[in-house]
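# Survey of secondary and tertiary structure
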Amino acid sequence: MFRQEDFEKNLINAQETVPVVQNDSELPAQSQDYGDFIVKYAQNVYGPIDVTSDSTFQVINEIFGIAYVPLDQVGDLEINSYTYNAIPKCYTYMDMEALNASGVLRLHNHPYLQLQGKGTAIAVVDSGIDYQNPVFIDENGKTRIAYLWDQTLEKDPQADKERAVPYGRLFTAEDIDRALQSENPMEIVPSQDTNGHGTMLAGTAAGNIVPEENFSGAAPESILLIVKLKQAKKYLKELYLYPQEAEIIQENDIMMGIYQVIKLANLLDMPLSICLGIGSSQGAHLGESPLCQYISYISGFTQISVSVAAGNEGAAQHHFKGVLRPEMNEITAELRVGEREEGFTMELWGEPPEVYKVGIQSPTGEILEVSSSLGSGTQTLSFVFVETKVQVNYVSIERQTGYPLIYFRFLHPAPGIWKLHVQVRDGKSVAFHMWLPVQGLISKDTHFLESSPYNTVTSPGDSVDSTTVTAYNYRDESLYLEASRGFAPDGMVTPHFAAPGVNVRTVLPQGQFVNASGTSLAVAQATGIASLLFEWAIIRKNAPFFTGTNVKHYLQRGAKRTEDRQYPNPEWGYGRINLYRTFQLLQ
């Protein structure tokens, strides 16, 4: 049986490497028969290590790698057994005048600066792209997409080894141009954006100027690097009780996508602005997930910026915060479960080093206690008067954060009001947070009755060094109603600023122009703005060693603020993004 601790020990002690995943027709990364584990390994190990004859290992960088292990060797997946961060978490998509509000159009047309992203690359790691859309084709009929990696396709054994990817297929600009000139483009480049989300983000960040539609991307002269993320494996959807039909992506596939676009930008010798319009409510919201750590790590690199959507969970009622005090040593959280809820997960994160006592009360009044002394086992609470089982993993000290975690899986939950009674043993003043899955992964009718809109910024927007962007309505300068709010539970400032994201003109597959809303639109515009900063700093040699952290701080400095608010603000961060004001303050 695969044991994570043995695997990591072998990695650390390994003296030589073994072959990477082979170019088989059924690659472990794409096979439903393999489980994926995110492994942190010694920095002096640079190759994949074989632990069993059937396991393979894929390096992401000098810190993280992915172990692919046959599921029949994994046994029962438990949060305790494999550590919380080793099992990939799952993410889903966060959904011309707007550019004017951000000060971008003034820089497009500025007599001296004329910044439009020339010489820079923008990467959209999302649902793919409609590469036939005219907003991604230049005036000569050539594509503006330098590379397109589709993780969902089978590998082409005839592909050039120099542009090999771990799984899926990589298409170059030459491939796409041949497709555009063909009568049947899909025979040459069979990649589609069936969701439309990736096309929308790419258009908002870098689409061509289309005056008749009153549309322009923020950086219309940048080139594009696109990753179409594959869907999460069935076993992970089952573990997290997510609907099988939901569009969900795995943490490790996102990490691999980021790694590949960095490598491709290096080949092009271009500064890179990465757009992530995805989010998850899994985790402690402290920036400690593998994806968050990876983003923070690369954000300090010269010429790389990562912009992340804050999420759309502000009004979802999926977060509960409780503060226990000596005079009030029990707090009850009321959770309404919808009529058609088939099952869901929930996470409770406390503060170290406290031990939390939790009792779960069903709608019929029956209360069952969660044991805090069972070690690594999974507890199954079976209720008598309702046909519901709740599986619980109690992790007194979670390996990465050091925080206590109580992980719940509600199986066939009875509809009605469930109550969670939470105490601490010593009667101290401590807080705890509970999060439900993001919208789309749980019934709309399942929510906390007394929820808090704060501490709802989704991961990886809680990365320590990401540039996290929320959305506002530039017409009346009001915050987007659905926008997630900060700060992080430990007080870390997030989001960092707001960009237009309400009824923003954007593009969809097949050349459609629409108005759309969401923090995804806001982060796409911010991604393009970061590209304009790179053009000024690196391409024009004003600041050759500009990093993603520099991008964030320059934009924070130039953000517009309202006098009646205190900044940084849990809703607005440091204010409304305004690139023109950033340049004014440089003078």
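Described below are features of the structure shown in this document. (Residues numbered from 1 in each chain as written. Predicted model: local features only at pLDDT ≥ 70, side-chain atom pairs only at ≥ 80, totals over all residues. Heavy atoms only, no water.)

## Some thoughts on helix α13 (residues 579-586)
Those residues of α13 that sit buried are Leu579, Tyr580, Thr582 and Phe583. One face of α13 carries all of its buried residues, which in axial projection span an arc of 155°. Regarding α13, its N-cap is Asn578, as a side-chain oxygen of that residue lies 3.3 Å from the backbone nitrogen of Tyr580 further along. (Buried < 20%, exposed > 50% of the residue type's maximum accessible area, 1.4 Å probe, protein only. Helix = DSSP H or I, 4+ residues; strand = E, 2+ residues; numbered from the N terminus. Arc of directions from axis to C-beta. Polar contact = N/O pair within 3.5 Å; in protein donor to acceptor, adjacent residues only side chain to side chain.)

## What about the pairing of strand β15 (residues 343-349)?
Within β15, seven of the seven residues are buried, leaving the element largely enclosed by the surrounding structure. Of the two faces of β15, the one lined by Gly343, Thr345, Glu347 and Trp349 and the one lined by Phe344, Met346 and Leu348 are each fully buried. Pairing between β15 and strand β20 (residues 405-411): seven bridges, direction antiparallel. By the bridge assignment for β20, Leu348 is matched with Ile406. With three bridges joining them, β15 and strand β22 (residues 430-435) adopt antiparallel strand pairing. The partner of Glu347 across the bridge, within β22, is Trp435. (Pairing = 2+ DSSP bridges.)

## Topic: the sheet that holds strand β1 (residues 34-40)
Pairing is antiparallel across the open sheet formed by three strands, whose spatial order is β1-β3-β2. Among the strands making up the open sheet, the edge pair consists of β1 and β2 (56-59). Each adjacent strand pair in this sheet contributes to an overall mean axis angle of 25°, direction not counted. Helix-sheet contacts for helix α9 (residues 251-268) involve β1, β2 and β3 (64-70), and the interaxial angle to β1 is about 60°. (Axes fitted to C-alpha atoms, helices over the stretch in contact; angles between N-to-C directions. Contact = heavy atoms within 4.5 Å.)

## Regarding the sheet that holds strand β16 (residues 356-361)
Judged by pairing direction, the sheet is antiparallel, and its five strands sit side by side in the order β17-β16-β21-β14-β23 without closing on themselves. Each edge of the open sheet is held by one strand with a lone partner, namely β17 (367-370) and β23 (447-448). Across four bridges, the pairing between β16 and β17 is antiparallel. If you follow Gln361 over to β17, its bridge partner there is Ile367.

## Points about the side chain of Asn208
For Asn208, the position within the fold is in the loop between α7 (197-206) and β8 (223-228). For Asn208, the side chain forms a polar contact with the main-chain oxygen of Pro134, separated by 3.0 Å. Beyond its immediate sequence surroundings of up to four residues, Asn208 is in contact with Pro134, Val135, Phe136, Ile137, Arg144, Phe215, Ser216, Gly217 and Pro220.

## Considering the packing of aromatic side chains
The final tally for this structure, using the stated rule, is 18 aromatic pairs. Note on Phe344 and Phe410: the rings are 4.6 Å apart at their centroids and 10° apart in plane angle, and the pair reads as stacked. Taken together, the residues Phe344 in strand β15 and Phe410 in strand β20 connect sequence positions 66 residues apart. For the pair Phe344 and Phe410, one class covers both residues: buried. Here the guanidinium or amino end of Arg557 rests over the ring plane of Tyr554, the centre of that ring lying 5.5 Å away. (Phe/Tyr/Trp six-rings, centres within 6.5 Å; stacked < 30°, edge-to-face > 60°. Lys NZ or Arg CZ within 6 Å of the ring centre and 35° of its normal.)

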